[in-house]
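So you can see what is in the structure, the chains are spelled out below.
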Amino acid sequence: MNELDIYHLVTAQKTYFQTHETLSLQFRIQALYRLQSSIHSYEDELYRSLYKDLGKSPSESYMCEIGLVYSELQYMLKHIKKFSKKKKVYTPFAQMISKSYIQPSPKGNVLIMSPWNYPFLLTMTPLIDAIAAGNTVLIKPSAYAPNTATVIERIIDETFPPNYIHVITGGRKENQALLDQKFNHIFFTGSQSVGKEVLKKASVHLTSVTLELGGKSPCIVDSSANIKVAAKRIVFGKFLNCGQTCVAPDYIYCDKTIVSKLIAAIKYEIEKQFTKNPLQNASYGKIINKKHYDRLCSILKNNPISYGGNTDDSSLKIEPTLLYPCTWKNTIMQDEIFGPLLPILTFTSIEEVIENINSHPTPLALYLFSSNKANINCITSTCSFGGGCINDTIIHLATSHMGFGGFQESGMGSYHGKSGFDTFSHYKSIVNKKTWFDLPMRYQPYTKLNDFLIKFFLR
């Protein structure tokens, strides 16, 4: 699609939004039901496309993508009436004989740009929130997951007219053409470098943005941790989707006194969960493309491998790999890894942990394995991060009851459930004043009596 076609499509969606059809609560509910039905009918094709793009097994595809989309749909259908209502708020005494309320309204025409690592989940979840809030939507899925993008396009084309919701496929040319348009909101999930470009483009039109980015998410293990459970849950969270998860533990930061025990437990769990030959395991995913595979292989050559490290050029698979001993100076610690490579660092005090984490860019997630309440409170209250878990990994994003999002370098804004509805809504603050009574003291000419009454009412 060329730039002129994109311009006409954006214009058509803006025109349709101005008809106010999307404001109807019943319209939004029916749109969500239609989307749910269409996803059901394409479920088998989604399994096939996710396997082709990322090597995901049906179990992983449902657990981490399709099932979570159904969950968000059901949550939104259950709560949309409550979310859409006006909310009465307290009216100050000085504004007597009036009512104050906050009224949610859709932002308008929004752009959703989704990534390749969870191509279905990270497209559909913000779409559900945008539909529930009453917007028109243009969707730009990643070109790196073409099979899933094709299925998403078919789902949308068969469910909605293009002036309401539409998918634009393609690569950088289409991305640039879209970002040159004026939207009412842009929702972007992806890398920090592209996020900066999105923010720069949005600033031209003063368009509001939500940026879901990434970063080096730490996984802290202190001496009080249940090592067996920690190893099992770290292996799950790190090597899910072959490590290509924005909230995957990027590195382990372990108490020096237990690091050998933890490494032994992690090795055991890798072999238990993925077998002793993960490269031959059909349920273990692959790296998205040759470019990213080569990048990860290059990292492997320049860092200390203590376990794993085998690769397969023909399948683009890299087995779960531990790198130890590592320090902050190792090349693997300079950028987000986004692959099945797990560096392990050690510490001697919690104060050291806090100082080092807070001296680096804010991570999207933080994980802490501990039974020490003082350490838990200290880490969660003093470290900056988007969200996280105590004694688990990743699961904080698998709920519609909490917002999910980054902070500072790892993003801005949040979504899921009510937070998602809020992201795609503008809340109007309105005072409805009656006309049969009017306090005279605010009008000139001001007198001493006026001053006294003003101070009385505003105290």
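Please refer to the structure placed before this passage.
Criteria and cut-off values
- Residues numbered from 1 in each chain as written.
- Predicted model: local features only at pLDDT ≥ 70, side-chain atom pairs only at ≥ 80, totals over all residues.
- Heavy atoms only, no water.
- Helix = DSSP H or I, 4+ residues; strand = E, 2+ residues; numbered from the N terminus.
- Contact = heavy atoms within 4.5 Å.
- Patch = residues over 30% accessible without salt bridge, like charges linked within 9 Å, V, L, I, M, F, W, Y side chains within 5 Å.
- Areas by Shrake-Rupley, 256 points an atom, 1.4 Å probe, with all protein chains shown as cover.
- Salt bridge = Lys/Arg side-chain N within 4 Å of Asp/Glu carboxyl O.
- Lys, Arg positive; Asp, Glu negative; His and termini not counted.
- Charge placed at Lys NZ, Arg CZ, Asp CG, Glu CD.
- 1 Å grid on protein atoms, 1.4 Å probe; cavity = no way out; pocket = protein on both sides within 12 Å on 5 of 7 lines; lining within 4 Å.
- Points joined across faces, edges and corners; volume = space filled by probe spheres on them.
- Nonpolar A, V, L, I, M, F, W, Y, C, P; charged D, E, K, R; others polar.
- Pairing = 2+ DSSP bridges.
- Axes fitted to C-alpha atoms, helices over the stretch in contact; angles between N-to-C directions.
- Phe/Tyr/Trp six-rings, centres within 6.5 Å; stacked < 30°, edge-to-face > 60°.
- Buried < 20%, exposed > 50% of the residue type's maximum accessible area, 1.4 Å probe, protein only.
- Parallel < 35°, antiparallel > 145°, perpendicular 65-115°, else oblique.
- Left-handed = near helix turned anticlockwise from the far one by under 90°.
- Core = buried A, V, L, I, M, F, W, Y, C linked by side-chain atoms within 4.5 Å.

### Focus on the environment of I112
Part 1 of the reasoning: As for its placement among the helices and strands, I112 is situated in strand β3 (residues 109-113).
Part 2 of the reasoning: Along the sequence, I112 and L122 sit ten residues apart, while their C-alpha atoms lie 9.4 Å from each other.
Part 3 of the reasoning: Excluding residues within four positions of it along the chain, I112 makes contact with T123, P126, L127, A130, V137, L138, I139, K140, F187 and F424.

### Remarks on a positive patch on the surface
Part 1 of the reasoning: Together, K228, K232, R233 and K272 line one region of the surface with positive charge.
Part 2 of the reasoning: Tracing the sequence through the fold places K232 in helix α9 (residues 227-239).

### Side note on the layout of surface pockets
Part 1 of the reasoning: Space inside the second largest pocket adds up to approximately 350 Å³.
Part 2 of the reasoning: Among the elements of the structure, α4 (58-84) and α5 (121-133) are those that each provide at least two residues to the lining of the second largest pocket.
Part 3 of the reasoning: Partitioning the lining of the second largest pocket into residue classes produces 16 nonpolar, six polar and one charged.

### A few points about a nonpolar patch on the surface
Part 1 of the reasoning: On the surface, Y90, F93, L449, F452 and F456 cluster together into a nonpolar patch covering about 620 Å² of accessible area.
Part 2 of the reasoning: Looking at the secondary structure, you find F456 in helix α15 (residues 448-458).

### Description of unusual backbone geometry
Part 1 of the reasoning: Between Y324 and P325 the backbone carries a cis peptide bond, its omega angle lying at 0°.
Part 2 of the reasoning: Secondary-structure assignment places P325 in the loop between β13 (321-323) and β14 (341-347).
Part 3 of the reasoning: Residue P445 is reached from Q444 by a cis peptide bond, and omega for that bond is 5°.
Part 4 of the reasoning: Mapped onto the secondary structure, P445 falls in the loop between β20 (425-433) and α15.
Part 5 of the reasoning: Phi angles above zero are rare outside glycine, and F338 is one such case at about 55°.
Part 6 of the reasoning: One can find F338 in the loop between β13 and β14.
Part 7 of the reasoning: Positive phi is not limited to glycine here, since Q408 has a value of about 55°.
Part 8 of the reasoning: With respect to the helices and strands, the residue Q408 is situated in the loop between β17 (404-405) and β18 (411-412).

### Regarding the sheet that holds strand β15 (residues 365-369)
Part 1 of the reasoning: Taking strand neighbours across the sheet as the criterion, the seven strands line up as β10-β13-β14-β9-β8-β15-β16 in an open arrangement whose pairing is mixed. In this open sheet, the two edge strands, each paired with only one partner strand, are β10 (305-307) and β16 (387-390). Adjacent strand axes in the sheet meet at a mean angle of 25°, parallel and antiparallel pairs treated alike.
Part 2 of the reasoning: Note: β13 against β14, three bridges, orientation parallel. Among the inter-strand pairings, L322 is bridged to a residue of β14, identified as L342.
Part 3 of the reasoning: Sitting on the sheet, helix α10 (residues 259-274) is in contact with β8 (218-221), β9 (251-255), β10, β13 and β14, with an inclination near 140° to β9.

### Considerations on the sheet that holds β3
Part 1 of the reasoning: Strand order in the open sheet formed by six strands is β5-β4-β3-β6-β7-β18, with mixed pairing between adjacent strands. Edge strands, defined here as strands with exactly one partner in the open sheet, are β5 (165-167) and β18.
Part 2 of the reasoning: Against the sheet, α5 contacts β3, β4 (136-140), β5 and β6 (185-189), and its axis sits at roughly 165° relative to β3.

### Observations regarding the packing of aromatic side chains
Two measures describe an aromatic ring pair: the distance that separates the ring centres and the angle between the ring planes.
Part 1 of the reasoning: Applying the stated criterion across every chain yields a total of 17 aromatic pairs.
Part 2 of the reasoning: Ring centres of W116 and F338 lie 5.5 Å apart, and the angle between their planes is 85°; on these two criteria the pair is classed as edge-to-face. Highlighted residues: W116 in the loop between β3 and α5 and F338 in the loop between β13 and β14, separated in sequence by 222 residues. As far as the burial class goes, W116 and F338 line up, both buried.
Part 3 of the reasoning: Where Y253 meets W328, the ring centres are 5.7 Å apart and the plane angle is 90°; that geometry is what we call edge-to-face. Residue Y253 is located in strand β9, and its partner W328 is located in the loop between β13 and β14; the two are separated by 75 residues in the primary sequence.
Part 4 of the reasoning: Through successive ring pairs, a cluster of aromatic residues spans Y16, F27, F160 and Y164.

### Thoughts on the packing of α5 against helix α6 (residues 146-159)
Part 1 of the reasoning: Two numbers describe how α5 lies on α6: the axes approach to 11 Å, and their chain directions differ by 25°. Relative to α6, the element α5 lies roughly parallel. Remark: the crossing between α5 and α6 carries right-handed chirality. Packed against α5, whose contacting residues are T123, M124 and L127, the element α6 presents I152, I155 and I156 at the interface.
Part 2 of the reasoning: A breakdown of the residues in the contact of α5 with α6 according to their chemical character gives five nonpolar, one polar and no charged.

### Points about the nonpolar core
General note: in soluble globular proteins, nonpolar side chains tend to be found buried as a group.
Part 1 of the reasoning: In this structure, L35, I39, M124, L127, I155, I156 and I252 are the most contacted members of the largest nonpolar core, which totals 118 residues.
Part 2 of the reasoning: At eleven residues, α4 tops the list of elements feeding residues into this core.
Part 3 of the reasoning: Those residues within four positions of L35 in sequence are excluded, and the remaining contacts are L73, M124, L127, I128, I131, I155, I156, T159 and F160.

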